[in-house]
Amino acid sequence: MAIYKAKSQLLHEWPTLHVYGRKTRTSEAHGEYIEIDHEDILFSDHAGGRAGRTYHADSIFSYALRHGDCPQRLYERALEFGHQAYWVNQEHAIISDRSQPIREAVAVRPGQIVRFQGRFFRIAAAANDNLTLDSCE
């Protein structure tokens, strides 16, 4: 496990999901923040309710590399259409009678500063229990 992914404490424990805090780092310009990447499962209970929701952060660049496309071309196309280059997707929920492996998630909350792919963002709440990445730069 990378040093920037060090867990600080177990916050929630369910049969198929364990939610951990991530150790914070400090930046002179942005204060305390945590590192996240596109492989992390993010967890937030900002909308209330007991279970909360899970999310993934993603970007044009990660998407392009996963799909064998040119990151620069897709970035320019996204800007041309007015799309965001960085975003958060809410995960779907599945009800199943099959045993599932335990997944680990990182706790995030609106207002928290995160560093994602070398850039600083503030997590913000959005409509329909969604989250957004608002640039701090």
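Residues numbered from 1 in each chain as written. Predicted model: local features only at pLDDT ≥ 70, side-chain atom pairs only at ≥ 80, totals over all residues. Heavy atoms only, no water.

Caption draft 1: Quick look at the overall build of the protein chain. The helix and strand inventory of the protein chain stands at two helices and eleven strands. Along the protein chain, from the amino end to the carboxyl end, the secondary structure elements read β-β-β-β-β-β-α-α-β-β-β-β-β. Taking 137 residues into account, the globule formula puts the C-alpha radius of gyration at 14 Å, and the protein chain, at 16 Å, falls close to it. Along the longest, intermediate and shortest principal axes, the C-alpha atoms of the protein chain span 45 × 40 × 30 Å. Here the protein chain holds 137 residues, and the buried ones make up 33% of them. (Helix = DSSP H or I, 4+ residues; strand = E, 2+ residues; numbered from the N terminus. Rg over C-alpha atoms; globule rule 2.2 N^0.38 Å. Buried < 20%, exposed > 50% of the residue type's maximum accessible area, 1.4 Å probe, protein only.)

Caption draft 2: A look at the layout of surface pockets. Quantified by volume, the largest pocket comes out at close to 780 Å³. In terms of lining, the largest pocket is formed by 20 residues, of which the most central are Thr16, His92, Ala93, Ile94 and Arg103. Among the residues making up the lining of the largest pocket, the classes are represented as nine nonpolar, seven polar and four charged. In this model, the second largest pocket occupies a volume close to 260 Å³. Residue lining of the second largest pocket: 18 residues in total, with Thr24, Ile34, Ala107, Arg109 and Gln112 positioned closest to the centre. Taken together, the elements giving at least two residues each to the lining of the second largest pocket come down to β1 (7-14), β2 (17-22) and β4 (31-36). Each residue belonging to the lining of the second largest pocket can be placed in one class, and the counts come to six nonpolar, eight polar and four charged. (1 Å grid on protein atoms, 1.4 Å probe; cavity = no way out; pocket = protein on both sides within 12 Å on 5 of 7 lines; lining within 4 Å. Points joined across faces, edges and corners; volume = space filled by probe spheres on them. Nonpolar A, V, L, I, M, F, W, Y, C, P; charged D, E, K, R; others polar.)

Caption draft 3: Focus on the nonpolar core. In terms of nonpolar packing, the biggest core is built from 20 residues, with Ile36, Leu42, Val114, Phe116 and Leu133 touching the most fellow members. Looking at this core, the elements that each hand over two or more residues are β4, β6 (53-59), α1 (60-66), α2 (71-80), β7 (86-90), β9 (113-116), β10 (119-126) and β11 (130-135). Once you skip the residues sitting within four places of it in the chain, isoleucine 36 turns out to touch Arg22, Leu42, Ala57, Val114, Arg115, Phe116 and Gln117. With six residues, the next largest nonpolar core counts Leu17, Ile41, Phe43 and Ala105 among its residues. (Core = buried A, V, L, I, M, F, W, Y, C linked by side-chain atoms within 4.5 Å. Contact = heavy atoms within 4.5 Å.)

Caption draft 4: Spotlight on the packing of aromatic side chains. One pass over the full model with this rule turns up six aromatic pairs. Between tyrosine 86 and phenylalanine 116 the ring centres are 6.1 Å apart and the planes differ by 80 degrees, which places this aromatic pair in the edge-to-face class. With tyrosine 86 in strand β7 and phenylalanine 116 in strand β9, the pair connects residues that are 30 residues apart, well separated along the chain. When sorted by exposure, tyrosine 86 lands in the same class as phenylalanine 116, which is buried. Among the aromatic residues, ring-to-ring pairing joins Phe61, Tyr75, Tyr86, Phe116 and Phe121 into one connected group. Here the guanidinium or amino end of lysine 7 rests over the ring plane of tyrosine 20, the centre of that ring lying 4.4 Å away. (Phe/Tyr/Trp six-rings, centres within 6.5 Å; stacked < 30°, edge-to-face > 60°. Lys NZ or Arg CZ within 6 Å of the ring centre and 35° of its normal.)

Caption draft 5: Representation of the sheet that holds strand β5 (residues 41-44) in the model. Spatially, the six strands line up as an open sheet ordered β1-β2-β8-β5-β6-β7, and their pairing is mixed. Sheet topology places β1 and β7 at the edges, where each strand pairs with a single neighbour. The mean angle between the axes of side-by-side strands here comes to 40 degrees, regardless of whether they run parallel or antiparallel. Both β1 and β2 contribute to a ladder of six bridges, which runs antiparallel. Its bridge partner being in β2, glutamine 9 is matched across the sheet by glycine 21. (Pairing = 2+ DSSP bridges. Axes fitted to C-alpha atoms, helices over the stretch in contact; angles between N-to-C directions.)

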